[in-house]
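# Observations on the model geometry
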Amino acid sequence: MNRLKFTPYLFLLPGCIILGAFIFYPMLQAIWLSLTDYNMVQQNPNFVGFDNYVRLFQDDLFWKVLGQTILYLVIVVPGLVFLPIFLAILVNQQIKGISFFRSAYYLPVVTSMVVVGIAWKWMYAEQGILNYVLDIMGVIDEPVHWLTQTSTAIFAVMVVTVWKGMGYYMVIYLAGLQAIPDDLYEAARIDGASKWRQIIHITIPLLMPSIMIVSIMSSIAAMKVFEEIYVMTGGGPLNSSSTLVFYIYEQAFDNLEMGYASAAGVILFLITLIFSIINITFMNKKEEAMKG
Amino acid sequence: MKNIKLFSIMMLVTVLLLAACSEDSSNESSSDNNDGGKKEIEFWTMQLKPTFTDYIEGVISDFEKENPNISIKWVDVPAADLEKKILSAVSSNTAPDVVNLNPTFGSKIAALDGLVNMDEALSDEQKSRYVQGAWKANQLNGNTFAIPWYLNTEVTLNNKAIYEEAGLDPNKPPKTYEKAMEYAKTVKEETGKYGYYPSLDLSLVLQHMVKMGADLTNEEGTKAAFNTQEGLNTFKYFTELYKNDLIPREALTGDQRETIDMYSSGQVGFFAGSNFITQIKKNAPDVYDQTFASQSITGKSGKVTLSVQNVVVPNQTKHQDAAVKFALFLTNAKNQLAFTKLVPILPSAKSALDDPYFSELPEDATATDQVRITAANQLDKAEVLIPPMENYNKLKDAMHDAISAAMLEEMSPQEALDQAEKEWNKILSE
């Protein structure tokens, strides 16, 4: 009897070991490191209590990058939640060659971020195609320095994040769309509902579970944005495109302040945790409401 | 609820088990200290495979023949990964015995007391074999943390086609910052291209300041000393170049790779890029054919940048004597001379420099030959302009931020300089 009770956990064990080794153990260690002055070379770091946190809260740059991270979140997440819905509706049509378009939209997702970053960097360049096109369209008189002036750099990078992420969330929505029964649309058509009203009153409400998942995933992804910044701007000019993860990376691997970087990492963890909790409780309520 | 409890317990057990494992391994590694038999030295280089595989393997086999009780295990690491790999190796107590590192990164580890002091490990006679300027490049707080391997001095590469297009005389390349700005203006007006691309990556802002005659810190290295007319001139100079669109905007955020890319695509007239001549030859043969080398652009101080590549021996090595022996062998005159025949670099061993290879320009000289001869000619006045400093990265970033603010006209050059001084004094007093 007892043996039966433990059998399922035995099957969970391999997963637990992997999670423990690569997620939970490093996480606990980071929390410990954030209380020390560890610099990767000395073998026995000194315990410094909450010094790293105190320093962090007094660092103007930390607050600046935190603000920019939140800005990133506020702009990128709506883009990643709503644009892919329309993309998914577009590629959900039964027309010839549709699988080509589906793969084409998905292509950026599987392309290496470094390649994407460099390609976009060229497009954004002073003599790049973007400035060229805007110029012949008469929108601008002289080239815009997208990545090299403080007012536009972070927004230029956001565009790349959205562009690269869209295909991935599109696939999630596509699965959701295909689960919506056709008779609902049929009924709506008989009632004379326009295409737009069908989207608002059938598609969006029935996609709600997918929208929830995409919101959580894209918020967490936006909090952790790093590669595009590293490749495209290096956080510059004047740290105007730096975000929290990039800041952590700089502290850890350029300045070798592992303890300090871990402290910033713990803060990032707490922020992400709060987001996840809000999202999950919201989702549970919704589910209960639906069941009830 | 019960399930969650059980799950947490399992997680905790896993974590504890892992913690126990990690303790074990550190005890284990100290036990093989007294290995009486053959010593194995692990030697890391920075991106030398496959171009220099034959050369390095040749040096290793010569060494092993002379020292049958030592065997060398060669590991080649991509340049971009070297810093991270060496850090993780040091932090997990598995550091290699001999590593090729640059002074900047070497000084970071040396500041944390991670490298063998070469002043103690080498005799005076052994030390005297090396070029003085190169030896001094690796000193931090009075200790020498590395042996110089190979050197280079900064040489300007010029694109003859752009000179001609702009109506400039290719026989008179710019030697001063003023001239460089003048040429940049002419090139811009005549061709629409950029004449000059001074990179501001890495320590280059600091180097420009020193060349223009500013001192970075006071003698003791405790206070910033660059808030002077010379320092201000540097800030004003780059602000003017940037404001008048005489240098590419990417100078602010781009790294050196971008400089090379733009030069290789024929969009830049001249830049300090002697280190990259082989790359340009391979990737842009047309531009290479138009390229000629000239002496480094400098300012009031007349100083020229010397760059040094090192070999270091981490403290964690179990065979310090054998490691130092190999480092000396690798950097002896014979081996260095053979290396410099393969790639345009200068040897750090004095006697190798006497070879006519470094003083006589061959007939039908290529740009590569010109780079080598020009670089060697400058060696007596070249020096490492930025000494190894603690918290170097923060200092460098503070200066870069300040000059960026001036160039983007968010502050006046004087305000930016004041800000940099304030930041430096704060960092230096840490």
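Remember, predicted model here, so these are calculated numbers, not experimental data.

Calculation notes
- Numbering of residues begins from 1 in every chain and follows the order in which that chain's sequence is written.
- Working convention: letters from A go to chains and numbers from 1 go to ligands, in the order in which they are written.
- Owing to the predicted nature of the model, reporting of local features is limited to residues with pLDDT of at least 70; listing and counting of side-chain atom pairs is limited to 80 or more, with chain, interface and lining totals taken over all residues.
- With hydrogens and water set aside, each side-chain value is computed from the structure's full complement of heavy atoms.
- By the criteria applied, helices consist of DSSP H or I runs no shorter than four residues and strands consist of E runs no shorter than two, each listed in order from the N terminus.
- Three labels apply to residues, based on accessible area from a 1.4 Å probe with only protein chains included: buried if under 20% of the type maximum, exposed if over 50%, partly exposed otherwise in between.
- Whether two residues touch is decided by their heavy atoms; if any such pair falls within 4.5 Å, the residues are in contact.
- For accessible areas, the Shrake-Rupley method is used with a probe of radius 1.4 Å. Any residue's cover is judged against the shown protein chains and nothing else.
- Between rings of Phe, Tyr and Trp, where Trp is taken as its six-membered ring, a pair exists when centres lie within 6.5 Å; planes separated by under 30 degrees are stacked, by over 60 edge-to-face, and by other angles tilted.
- Two strands are counted as paired when DSSP detects at least two bridges linking them.
- Note on geometry: axes are lines fitted to C-alpha atoms, helical ones only across the stretch in contact, with angles between N-to-C directions running from 0 to 180 degrees.
- The labels follow the angle: roughly parallel below 35 degrees, roughly antiparallel above 145, roughly perpendicular from 65 to 115, and oblique for the rest.
- Left-handed describes a crossing whose near helix is turned anticlockwise from the far helix through less than a right angle; right-handed describes the clockwise counterpart.
- Side-chain classes are defined by residue name, with Ala, Val, Leu, Ile, Met, Phe, Trp, Tyr, Cys and Pro counting as nonpolar, Asp, Glu, Lys and Arg as charged, and the others, Gly among them, as polar.
- By buried area we mean how much accessible surface two parts lose on assembly, using a 1.4 Å probe and totalling the loss over both.
- Any Lys or Arg side-chain nitrogen located within 4 Å of an Asp or Glu carboxyl oxygen qualifies as a salt bridge.
- Here a polar contact is recorded for every N or O atom pair within 3.5 Å, except that within protein the pair must consist of a potential hydrogen donor and a potential acceptor, and residues adjacent in sequence are included only if both atoms are side-chain atoms.
- Confidence per residue, as judged by the predictor, is encoded in pLDDT with a range of 0 to 100.
- Nonpolar cores are built from buried Ala, Val, Leu, Ile, Met, Phe, Trp, Tyr and Cys residues. Side-chain atoms within 4.5 Å join them into one set.
- UniProt positions are given in the numbering used here, feature names are shortened, and annotations may be inferred rather than shown by experiment.
- Note that the domain bounds were set by an automatic or database domain assignment.

For the rest of this paragraph, the subject is the overall build of chain A. Looking only at helices and strands, chain A has 12 helices and 0 strands in total. If one aligns the C-alpha atoms of chain A with their principal axes, the spans along those axes are about 80 × 75 × 30 Å. Counting over 292 residues, chain A shows a buried share of 46%. Considering only residue pairs separated by 6 or more positions, chain A has 67% of its internal contacts joining residues 24 or more positions apart. Of the roughly 16,100 Å² that chain A leaves accessible, carbon and sulfur atoms contribute 70%.

Here we come to the packing of aromatic side chains. Residue and element names in this part refer to chain A. One pass over the full model with this rule turns up 37 aromatic pairs over all chains. Ring geometry for F86 against W196: centres 6.4 Å apart, planes inclined by 10 degrees, an arrangement best described as stacked. Of the two residues, F86 is situated in helix α3 (residues 60–91) and W196 in helix α9 (residues 195–223); the sequence distance between them amounts to 110 residues. A residue is classified by how much of its surface remains accessible, and W196, at 52% relative accessible area, is exposed. Here the aromatic rings of Y249 and F253 are separated by 5.4 Å at their centres, their planes lie at 40 degrees, and the arrangement is tilted.

So, on to the sheet that holds strand β7 (residues 155–159) of chain B. Residues and elements named next belong to chain B. What the 4 strands build is an open sheet, ordered β8-β9-β7-β10; its pairing is mixed. Unpaired on one side and paired on the other, β8 (194–196) and β10 (291–295) mark the two borders of the sheet. Strand-to-strand twist across the sheet, computed as the mean angle between neighbouring axes with direction ignored, equals 25 degrees. Sheet topology note: the β7/strand β9 (residues 268–272) ladder contains 3 bridges and is antiparallel. When the sheet's bridge partners are listed, T156 is paired in β9 with A272. Taken strand by strand, helix α12 (residues 256–264) contacts β7, β8, β9 and β10, and its axis lies near 145 degrees from that of β9. Sitting on the sheet, helix α18 (residues 367–377) is in contact with β7 and β10, with an inclination near 5 degrees to β10.

All names here are of chain A. Viewed as axis vectors pointing N to C, helix α7 (residues 153–178) and α9 meet at an angle of 155 degrees, and their least axial separation amounts to 9 Å. Judged on the interaxial angle alone, α9 and α7 are roughly antiparallel. Our pair here, α7 against α9, has a crossing hand that is right-handed. Listed contacts from α9 to Y168, Y169, I172, Y173, G176 and L177 of α7 are T203, L207, S210, I211, V214, M217, S218 and A221. The residue inventory of the contact of α7 with α9, partitioned by class, reads 10 nonpolar, 4 polar and no charged.

As a measure of interface size, the accessible area lost when the parts come together is often cited. Taken together, the 37 residues of chain A in the interface contact 38 residues of chain B. Carbon and sulfur atoms supply 63% of the area that chain A and chain B bury against each other, a total of about 3,300 Å² over both sides. Broken down residue by residue, the surface that chain A buries against chain B is led by Y9(A), V41(A) and L238(A), which jointly contribute 18%. Where chain A meets chain B, there are 2 salt bridges. One salt bridge in this structure joins E257(A) and K394(B), with 2.7 Å as the shortest N-O distance. Where chain A touches chain B, the interface holds 9 residue pairs in polar contact (both at pLDDT 80 or more). Looking at the side of chain A that touches chain B, the element that brings in the most residues is helix α1 (residues 2–33) of chain A, giving 12 residues. For the side of chain A that touches chain B, the residue count by class is 20 nonpolar, 11 polar and 6 charged.

A few words on the confidence of the model for chain B. All names here are of chain B. On average, residues of chain B carry a pLDDT of 88, and 92% of them reach 70 or more. Mean pLDDT across the elements of chain B bottoms out in helix α1 (residues 2–29) (58) and peaks in helix α11 (residues 229–243) (96). Considering only residues more than four positions removed or in separate chains, one finds that residues 23–35, a stretch of pLDDT under 50, has 4 contacts. Here the complex is predicted with pTM 0.79, and the ipTM for its interfaces comes to 0.73.

Let us look at the nonpolar core. With 92 residues, the main nonpolar core has L56(A), Y124(A), Y173(A), L244(A) and Y247(A) as its most contacted residues. By residue number, the principal contributor to this core is α3(A), which donates 14 residues. When neighbours within four sequence positions are excluded, L56(A) is seen to be in contact with F62(A), W63(A), Y247(A), Y260(A), A263(A), A264(A) and I267(A). Formed by 89 residues, the second largest nonpolar core is a distinct cluster that contains Y197(B), L216(B), Y242(B) and W424(B).

Looking now at the packing of α3(A) against α9(A). All names here are of chain A. Where α3 meets α9, the closest approach of the two axes is 9 Å, and the angle between their N-to-C directions is 140 degrees. By the angle class used here, α3 and α9 are oblique. Where α3 crosses over α9, the handedness of that crossing is right-handed. Facing α3, whose interface residues are T69, Y72, L73, V76, V77, L80, V81, I85, F86 and I89, α9 presents W196, I199, T203, I204, L207, I211, V214, S215, S218, S219, A222 and M223. In the contact of α3 with α9, the residues fall into 17 nonpolar, 5 polar and no charged.

To continue, consider the UniProt feature "transmembrane region" (unreviewed entry) in chain A. Residues and elements named next belong to chain A. Per the UniProt annotation, the sites labelled "transmembrane region" (unreviewed entry) are residues 9–32, 70–91, 103–124, 199–223 and 261–282. Secondary structure within residues 9–32 divides into 100% helix and 0% strand; the distance between the first and last C-alpha atoms comes to 29 Å. Helix and strand shares over residues 70–91 are 100% and 0% respectively, and the end C-alpha atoms of the span are 32 Å apart.

Residue and element names in this part refer to chain B. What the domain assignment lists for chain B is domain 1 (40–150 + 308–368) and domain 2 (155–305 + 383–428). Computed over C-alpha atoms, the centres of domain 1 and domain 2 are 29 Å apart. Carbon and sulfur atoms supply 63% of the area buried between domain 1 and domain 2, which totals about 1,000 Å² over both sides. When the buried area of domain 1 at its contact with domain 2 is split by residue, T104, A367 and T368 rank highest and sum to 36% of it. Scanning the region where domain 1 abuts domain 2 turns up 0 salt bridges. There are 2 residue pairs in polar contact (both at pLDDT 80 or more) connecting domain 1 and domain 2. Looking at the side of domain 1 that touches domain 2, the elements with two or more residues in it are α4 (103–111), β4 (139–140) and α18. Of the residues forming the side of domain 1 that touches domain 2, the biggest block, 4 residues, is contributed by α4. Partitioned by chemical class, the residues of the side of domain 1 that touches domain 2 number 8 nonpolar, 7 polar and 1 charged.

As a further point, take the pattern of salt bridges. Scanning all chains against the criterion turns up 16 salt bridges over all chains. We note a salt bridge from K73(B) to E42(B), for which the minimum N-O separation is 3.8 Å. Pair noted here: K73(B) is in strand β2 (residues 70–77) and E42(B) is in strand β1 (residues 39–46), with a separation of 31 residues, a long-range link. K73(B) gets classed as partly exposed once you look at its relative accessible area, which sits at 39%. A salt bridge links E230(B) to K300(B); the nearest nitrogen and oxygen atoms lie 2.3 Å apart. With E230(B) in helix α11 and K300(B) in the loop between β10 and β11 (304–312), this pair connects stretches of sequence that are 70 residues apart. Beyond isolated ion pairs, a larger network of salt bridges with shared partners links R55(A), E257(A) and K394(B).

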